[in-house]
Amino acid sequence: MNDTSPDASPWWTPHVHADRRPRLMLRNAIAASLRDWFAAEDFVEVEAAALQVSPGNEAHLAAFTTQAIGPDGTRSPLYLHTSPEFACKKLLAAGEQRIFSLGPVYRNRERGPLHHPEFTMLEWYRVGEAYESLMQDCAAMLALAATRAGATRFSFRGRDCDPIAEPERLTVADAFTRYAGIDLLATVAADGATDRDALYAALTQAGLRTAPDDSWSDLFSRVMVEKIEPLLGQGRATILCEYPLAEAALARPSPRDARVAERFELYCCGVELANGFGELTDADEQRRRFIIEMDEKERIYGERYPLDEDFLAALAIMPQASGIALGFDRLVMLATGAQKVDDVIWTPVSVQD
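Quick caveat, the model's predicted, so the values are computed rather than measured.

**Section: the overall build of the chain**
Then step 1. Across its full length, the chain carries nine helices and 14 strands.
Then step 2. Against the globule reference of 20 Å for 353 residues, the chain gives a C-alpha radius of gyration of 20 Å, in line with a compact fold.
Then step 3. Each principal axis of the C-alpha distribution contributes one length, and for the chain these read about 60 × 55 × 45 Å.
Then step 4. Among the 353 residues that make up the chain, the fraction classed as buried is 52%.
Then step 5. Counted over contacts in the chain with a minimum sequence separation of 6, partners at least 24 positions apart contribute 68%.

So this is what it looks like as structure tokens:
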């Protein structure tokens, strides 16, 4: 369905569209059901402007860059947002209590079965509520999407998941122990600082590949990608929680253990679906973390994005909140049995040579 090989018919060819249309109609139905769910929970739907002065400040996210041209010809750089997060948090600072956004976001350098340069993100926030409430939301949405699509199982690349079953909750440290035999928190100091050499030695002992210039974050990501993520969300969904502080730039530290943060990710069939936080509201700490992220981005990619000073000012008055972003296209893909997100996007992006 919707083959993207050079000899394939375009998605707008009538016979190709006829083949894709049942899943696209289910996409619409799932979106409508989600909106009904949020309305019942007293959420307000908001629309975040796609053009922003900063696309986000995560080291490995690549943005689309453009320019605003004023009446006098003055040019100012702008970016298509990689998430509505900054705009949504400004709305929380303004006084909104429960909000959600369901709309397009843009990420460059991303195209594949699970990635698309323009995709739909579902993001929602709860003011004054613990981030565990978002875990309950995720379980409800998996069940809702499955029910609306008439699916009793999610399947992807030979992995199966019951979307109705209560998700497993697994800490990142326990996942490292279970799947890689590595004591991750032994490489994290009490203040969240990381010990690169200790993690390097642990990977070497576990027989995992390493490179002399690997950072602690590089090593962490390699274990996640090669040993852990493919095994998550099998049988039932997995909520992977308590990420090390160094891997949670937008999350507040856990009151239980300062080495980890209130961050979790939702997985089904080895596919990451959502990323949630107990939101950091310390503007000075957020600035410090953003600078670290941009320093890392410059080291790896030779570029950096500006800080949104307006966002940092709003963060200083933002109330305590929990927030999460869910890849809507991936959810629809799993619910409808598609094998790539392009199959559940109405008009996939075409890139001409």
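**Re the sheet that holds strand 9 (residues 168–171)**
Then step 1. If you trace the eight strands from one edge of the open sheet to the other, you get 1-5-6-14-13-12-11-9, paired in mixed fashion. Two strands bound the open sheet, and with one partner strand each, they are strand 1 (44–45) and strand 9.
Then step 2. Sheet analysis places strand 13 (residues 271–278) next to strand 14 (residues 321–327), joined by five bridges and oriented antiparallel. Looking at strand 14, one finds that Gly-276 is bridged to Ile-324.
Then step 3. Packed on one face of the sheet, helix 2 (residues 85–94) meets strand 5 (98–106), strand 6 (118–127) and strand 14 and runs near 25° to strand 6.

**So, the nonpolar core**
Then step 1. Among the nonpolar cores identified, the biggest contains 47 residues, and Leu-122, Trp-124, Phe-154 and Phe-264 are the most heavily contacted of them.
Then step 2. Among the elements that line this core, the one with the most residues is helix 3 (residues 132–149), at nine residues.
Then step 3. Each residue touching Phe-264, except ones within four places of it in the same chain, is listed here: Tyr-131, Leu-134, Met-135, Cys-138, Ile-239, Leu-240, Cys-241, Tyr-243, Ala-274, Asn-275, Gly-276 and Ile-324.
Then step 4. Membership of the second largest hydrophobic core comes to 24 residues, among which are Trp-216, Phe-220, Ile-228 and Tyr-267.

**Comments concerning the pairing of strand 5**
Then step 1. Within strand 5, seven of the nine residues are buried, which leaves the element mostly enclosed by the surrounding structure.
Then step 2. Bridge count between strand 5 and strand 6: nine bridges; the pairing is antiparallel. Paired with Ile-99 across the strands is Tyr-125, a residue of strand 6.

**Focus on the pattern of salt bridges**
Then step 1. Applying the stated criterion across every chain yields a total of 29 salt bridges.
Then step 2. The closest approach of N and O atoms between Glu-168 and Arg-178, which form a salt bridge, is 3.1 Å. Of this pair, Glu-168 sits in strand 9 while Arg-178 sits in helix 4 (residues 172–180), and the two are ten residues apart along the sequence.
Then step 3. Judged by relative accessible area, which is 17%, Glu-168 ranks as buried.
Then step 4. Connected through salt bridges with shared partners, the residues Glu-41, Arg-98, Arg-126, Glu-129 and Asp-137 form a single ionic network.

**Describing helix 7 (residues 283–301)**
Then step 1. End to end, helix 7 covers 26 Å across 19 residues, agreeing with the expected 27 Å (1.5 Å per residue, within 8%).
Then step 2. If you check which residues of helix 7 are buried, you get Ala-283, Gln-286, Arg-289, Phe-290, Glu-293, Met-294, Glu-296 and Lys-297. Projection of helix 7 onto a plane perpendicular to its axis shows the buried side chains occupying an angular sector of 160°, all on one side.
Then step 3. At its buried positions, helix 7 is contacted by helix 2 and helix 8 (309–315).
Then step 4. The opening residue of helix 7, the one whose side-chain oxygen lies 3.1 Å from the backbone nitrogen of Asp-284, is Asp-282.

**A look at the sheet that holds strand 4 (residues 75–80)**
Then step 1. Reading across the sheet, the three strands line up as 2-4-3 and stay open at both edges, with antiparallel pairing between neighbours. The outermost strands of the open sheet, each flanked by one partner alone, are strand 2 (51–52) and strand 3 (64–69).
Then step 2. Across six bridges, the pairing between strand 3 and strand 4 is antiparallel. By the bridge assignment, Thr-65 is partnered in strand 4 with Tyr-79.

**Some points on unusual backbone geometry**
Then step 1. If you check the backbone angles, Asp-42 has positive phi at about 65° while not being a glycine.
Then step 2. Positive phi is not limited to glycine here, since Arg-157 has a value of about 50°.
Then step 3. Mapped onto the fold, Arg-157 is located in the loop between strand 7 (154–156) and strand 8 (159–162).

**Considering the packing of helix 4 against helix 6 (residues 216–228)**
Helix-helix packing: each pair is described by the crossing angle between the helix axes and the interaxial distance.
Then step 1. Close contact between helix 4 and helix 6 brings their axes to 10 Å; oriented N to C, the two are set at 60°. Comparing their axes, helix 6 and helix 4 come out oblique. Note on packing geometry: the crossing formed by helix 4 with helix 6 is left-handed. Across the interface between the two elements, Val-172, Ala-175, Phe-176, Tyr-179 and Ala-180 of helix 4 pack against Phe-220, Val-223, Met-224, Lys-227 and Ile-228 of helix 6.
Then step 2. When its residues are assigned to classes, the contact of helix 4 with helix 6 shows nine nonpolar, no polar and one charged.

Basis of the calculations
- Residues numbered from 1 in each chain as written.
- Predicted model: local features only at pLDDT ≥ 70, side-chain atom pairs only at ≥ 80, totals over all residues.
- Heavy atoms only, no water.
- Helix = DSSP H or I, 4+ residues; strand = E, 2+ residues; numbered from the N terminus.
- Rg over C-alpha atoms; globule rule 2.2 N^0.38 Å.
- Buried < 20%, exposed > 50% of the residue type's maximum accessible area, 1.4 Å probe, protein only.
- Contact = heavy atoms within 4.5 Å.
- Pairing = 2+ DSSP bridges.
- Axes fitted to C-alpha atoms, helices over the stretch in contact; angles between N-to-C directions.
- Core = buried A, V, L, I, M, F, W, Y, C linked by side-chain atoms within 4.5 Å.
- Salt bridge = Lys/Arg side-chain N within 4 Å of Asp/Glu carboxyl O.
- Expected span 1.5 Å × (residues − 1).
- Arc of directions from axis to C-beta.
- Polar contact = N/O pair within 3.5 Å; in protein donor to acceptor, adjacent residues only side chain to side chain.
- Parallel < 35°, antiparallel > 145°, perpendicular 65-115°, else oblique.
- Left-handed = near helix turned anticlockwise from the far one by under 90°.
- Nonpolar A, V, L, I, M, F, W, Y, C, P; charged D, E, K, R; others polar.

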